[in-house]
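Below, each chain spelled out in residue letters.
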Amino acid sequence: MVSMKKKIIVNSIVGLIVIGIFGWLAISLNSGTKNTSQNAQKSTKTDDWQRIKRDKQITIGLDDTFVPMGFRDKNGKIIGFDVDLANAAFKSMGITVKWQPIDWSMKETELNTGNIDAIWNGYTKTAARAKQVAFSDTYHQATQVLVTLKKNNINQFSDMQGKVLGDQTASSGDETFNEHPKVLKQYVKDQKVIGYDTFDKAFTDLNAGRIDGLLIDEDYARYYVAHQANPKNYTVTVGGFAVDQTAVGFRKSDVKLRQAVNDTLTKFKKDGRMTQIEKKWFSN
Amino acid sequence: MNYFLEIAPNLLAGLKMTLGVFFLTIIGSVPLGIIVSLGMKSEYFTVRWLINGYIWIMRGTPLLLQLIFVYYGLGMMGITFPRFEAAVIAFIINYAAYLAEIFRGGLQSVPRGQYDAARVLGFTRTQTFFKIVLPQVIKIVVPSFGNEVINLVKDTSLVYVIGLGDILRAGNIAASRDVTLVPYLLVGLIYLLMTAIVTVLLRRSEKRLNIWR
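Residues numbered from 1 in each chain as written. Chains lettered and ligands numbered in written order. Predicted model: local features only at pLDDT ≥ 70, side-chain atom pairs only at ≥ 80, totals over all residues. Heavy atoms only, no water.

Chemist: In this structure, what is going on with the sheet that holds strand 2 (residues 65-66) of chain A? I would like to understand it.
Modeler: Either a parallel or an antiparallel arrangement is found when strands of a sheet pair, and the pairing is made through backbone hydrogen bonds. Residue and element names in this part refer to chain A. The sheet built from 3 strands is open, its strands ordered 2-3-4 with antiparallel pairing. Among the strands making up the open sheet, the edge pair consists of strand 2 and strand 4 (78-79). In this sheet, strand 4 lies alongside strand 3 (residues 70-72) in antiparallel orientation, the contact comprising 2 bridges. Considered in strand 4, the bridge of Phe71 is made with Ile79. (Pairing = 2+ DSSP bridges. Helix = DSSP H or I, 4+ residues; strand = E, 2+ residues; numbered from the N terminus.)

Written out as structure tokens, the structure is:
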């Protein structure tokens with residue numbers, strides 16, 4: 001049996017340690033949230049461009065299931081339109097790209113905690129995202145389209161009246177869908193959309209008849225329809241959604257990095273390298 | 001079959017990640033679980049409260065949230081771990097909580113009288129624990145321990161949320177690239193193979209331990 005005195009001493013020591021840890025947690029959590037809100041304001045304070053140039057390496061986050069923008073071939077190599085473009089762009093600056101696979105719903109957190117230096121993966125400009133990241137110039141445009149089975153005879157958005165719609169969770173298409181309810185949302189069943197984590201699963205459900213339509217970026221639509229057993233079975237409907245501007249996402253503080261990428265993208269557009277890469281990935 | 005050979009290298013690369021998380025978690029969480037389960041019987045009420053709070057949090061929140069917290073949350077507070085290390089830490093502290101409860105059950109099933117007998121025979125407390133109590137506890141907890149181990153095999157797939165490429169993610173990539181469900185089927189078979197191996201190993205150890213029952 002332990003003496004009463006010893007008990008009191010140990011209990012109070014452990015108690016103090018616990019209180020200390022909680023206090024420290026509360027303080028650092030508090031300052032942590034302050035830092036992120038301050039980051040937006042003191043923009044030029046911490047520019048990582050010097051580090052990137054010195055290390056000759058930049059880490060770019062991508063969802064490696066995003067065909068045809070960035071994905072893995074059968075040998076496990078990361079390939080795609082964005083991958084070619086980013087590799088070429090940074091190569092011309094003497095920087096190698098380290099591709100870091102991330103979970104797409106965590107992309108802004110990854111960027112703002114400094115785990116990655118850029119999001120370059122079919123990343124669409126939206127108002128909500130613009131609050132957290134700084135976008136480069138637009139380098140690619142695409143719109144959200146509706147993919148349906150031909151036999152269901154859905155040829156315009158209003159044909160989706162009372163039908164079930166699917167899309168990708170946390171995608172820009174999902175955001176657009178909710179921001180402009182008049183375009184498509186007012187028609188679909190219960191004004192709700194079924195969210196999938198990847199489009200291949202959504203296509204499986206479309207084929208099985210559990211959803212009637214799939215809201216998807218036209219680049220992905222083309223790829224996935226082309227890879228279905230019978231591409232002729234599908235209707236791709238372009239409706240009233242605005243054209244999405246695809247750009248690269250940076251931390252707001254990385255002004256110089258953004259400028260360098262913008263300059264390179266402009267150069268690529270002028271000398272035809274952009275068209276070359278576009279042809280390679282989108283001409284089917 | 002051809003397709004399987006084509007994607008096998010990628011799946012195996014993912015399998016390496018899965019196995020890495022699996023083994024490191026086992027190695028880390030078993031000793032931690034034993035320490036925690038002993039702490040639950042501590043004579044100091046603050047220690048008991050602390051440990052009960054820890055177990056409550058670990059069992060009361062999804063492992064997925066804990067992963068996000070360890071990697072992104074702590075990262076925001078200035079404690080940054082690399083991805084793999086963060087995953088292993090989150091898994092170890094989570095599984096240690098579950099294992100501690102299992103070990104506690106084992107400890108409680110050793111009758112009080114054995115402790116008294118050991119003391120009469122002149123065993124120290126350490127000797128009593130390692131020579132008398134622990135061997136019996138191990139035997140008792142093997143079946144429920146095995147349950148957790150098999151759960152762990154499958155839980156490793158949660159590491160996708162911090163961008164680690166485990167076998168399920170490798171299957172995901174192949175499925176979205178080739179627009180087919182076949183990769184998932186293969187991934188499922190590999191998980192089954194892993195759990196089969198674990199099951200056989202646990203059965204064997206159970207049999208061996210039964211010798212002195």
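From this point, things continue past the structure.
Chemist: Hey, could you run me through the packing of aromatic side chains in this one?
Modeler: Each aromatic ring pair is described using two quantities: the centre-to-centre distance and the angle formed by the ring planes. With the rule as written, the count across this model stands at 22 aromatic pairs over all chains. Through a chain of ring-to-ring contacts, the aromatic side chains of A:Phe66, A:Phe71, A:Trp104, A:Tyr123, A:Phe135, A:Phe199, A:Phe203, A:Tyr220, A:Tyr223, A:Tyr224, A:Tyr234 and A:Trp281 assemble into a single cluster. (Phe/Tyr/Trp six-rings, centres within 6.5 Å; stacked < 30°, edge-to-face > 60°.)

Chemist: Looking at this structure, I do not really get the UniProt feature "domain: ABC transmembrane type-1" (unreviewed entry) in chain B. What am I missing?
Modeler: Here the UniProt-annotated "domain: ABC transmembrane type-1" (unreviewed entry) positions come out as residues 15-202 of chain B. Helix and strand shares over residues 15-202 of chain B are 82% and 0% respectively, and the end C-alpha atoms of the span are 21 Å apart. (UniProt positions renumbered as here; feature names shortened; annotations may be inferred.)

Chemist: Mind showing me how you'd approach the confidence of the model for chain B here?
Modeler: Residue and element names in this part refer to chain B. Looking at chain B as a whole, the pLDDT averages 91, with 99% of positions reaching at least 70. The spread of mean pLDDT over the elements of chain B runs between helix 7 (residues 167-178), the lowest at 88, and helix 4 (residues 83-108), the highest at 95. This prediction of the complex comes with two scores: 0.80 for pTM and 0.74 for ipTM. (pLDDT = per-residue confidence, 0-100.)

Chemist: It is not clear to me how the sheet that holds strand 12 (residues 234-246) of chain A should be interpreted in this structure. Could you clarify?
Modeler: All names here are of chain A. Strand order across the open sheet formed by 5 strands is 10-9-11-8-12, with mixed pairing between neighbours. Two strands close off the open sheet at either side, each with one partner strand: strand 10 (193-196) and strand 12. Each strand axis lies, on average, 25° off the axis of its neighbour in the sheet, ignoring direction. In the sheet, strand 9 (residues 165-168) pairs with strand 11 (residues 213-217) via 2 bridges, with the strands oriented parallel. Bridge assignment links Gly166 to a residue of strand 11, and that residue is Leu214. Against the sheet, helix 8 (residues 199-208) touches strand 8 (140-149), strand 9, strand 10, strand 11 and strand 12, its axis set at about 155° to strand 11. (Axes fitted to C-alpha atoms, helices over the stretch in contact; angles between N-to-C directions. Contact = heavy atoms within 4.5 Å.)

Chemist: Is there a simple way to think about empty space enclosed by the protein in this case?
Modeler: Taking a probe equal in size to a water molecule and rolling it over the atoms shows the remaining empty space. All names here are of chain A. Inspection of every chain in the model, using the stated rule, returns 3 cavities of 30 Å³ or more. Considered as a void within the structure, the largest cavity measures approximately 130 Å³ in volume. Broken down by secondary-structure element, the contributors of at least two residues to the lining of the largest cavity are helix 6 (172-179) and strand 11. Across the lining of the largest cavity, the residue classes break down as 6 nonpolar, 7 polar and 2 charged. Size it by volume and the second largest cavity reaches roughly 50 Å³. Lining of the second largest cavity is provided by Asp63, Thr65, Phe66, Val67, Gln168, Asp197, Thr198, Phe199, Tyr220 and Tyr224. For the lining of the second largest cavity, the elements supplying multiple residues, two or more each, are strand 2 and helix 9 (218-226). Class assignment for the residues of the lining of the second largest cavity results in 5 nonpolar, 3 polar and 2 charged. (1 Å grid on protein atoms, 1.4 Å probe; cavity = no way out; pocket = protein on both sides within 12 Å on 5 of 7 lines; lining within 4 Å. Points joined across faces, edges and corners; volume = space filled by probe spheres on them. Nonpolar A, V, L, I, M, F, W, Y, C, P; charged D, E, K, R; others polar.)

Chemist: Can you walk me through the interface of chain B and chain A in this structure?
Modeler: How big an interface is tends to be stated in terms of the accessible area lost upon association of its parts. Chain B puts 30 residues into the contact, and the matching count from chain A is 43 residues. When the buried area of chain B at its contact with chain A is split by residue, B:Tyr44, B:Met77 and B:Arg177 rank highest and sum to 20% of it. At the boundary of chain B and chain A, one finds 3 salt bridges. Put simply, B:Glu6 and A:Lys74 hold a salt bridge, and the shortest N to O gap is 2.9 Å. Taken together, the links from chain B to chain A amount to 18 residue pairs in polar contact (both at pLDDT 80 or more). Sorting the residues of the side of chain B that touches chain A by element identifies helix 1 (2-39), helix 2 (45-60), helix 3 (63-76) and helix 7 of chain B as the ones contributing at least two each. With 7 residues, the single largest contributor to the side of chain B that touches chain A is helix 7 of chain B. When the residues that make up the side of chain B that touches chain A are grouped by side-chain class, the tally is 19 nonpolar, 5 polar and 6 charged. (Buried area = accessible area lost by both parts, 1.4 Å probe. Salt bridge = Lys/Arg side-chain N within 4 Å of Asp/Glu carboxyl O. Polar contact = N/O pair within 3.5 Å; in protein donor to acceptor, adjacent residues only side chain to side chain.)

Chemist: Would you take a moment to explain the side chain of A:Asp82 for this structure?
Modeler: All names here are of chain A. Within the fold, Asp82 resides in helix 3 (residues 81-91). Here Asp82 occupies a buried position and makes no salt bridge, while the nearest side chain of opposite charge, Arg129, is found at 11 Å. Of note is the side chain of Asp82, whose polar atom sits 2.5 Å from the backbone nitrogen of Gly122. One polar contact links Asp82 to Tyr139, side chain to side chain, over a distance of 2.6 Å. Setting aside anything within four residues of it in sequence, one finds Asp82 in contact with Met69, Trp99, Trp120, Asn121, Gly122 and Tyr139. (Buried < 20%, exposed > 50% of the residue type's maximum accessible area, 1.4 Å probe, protein only. Lys, Arg positive; Asp, Glu negative; His and termini not counted.)

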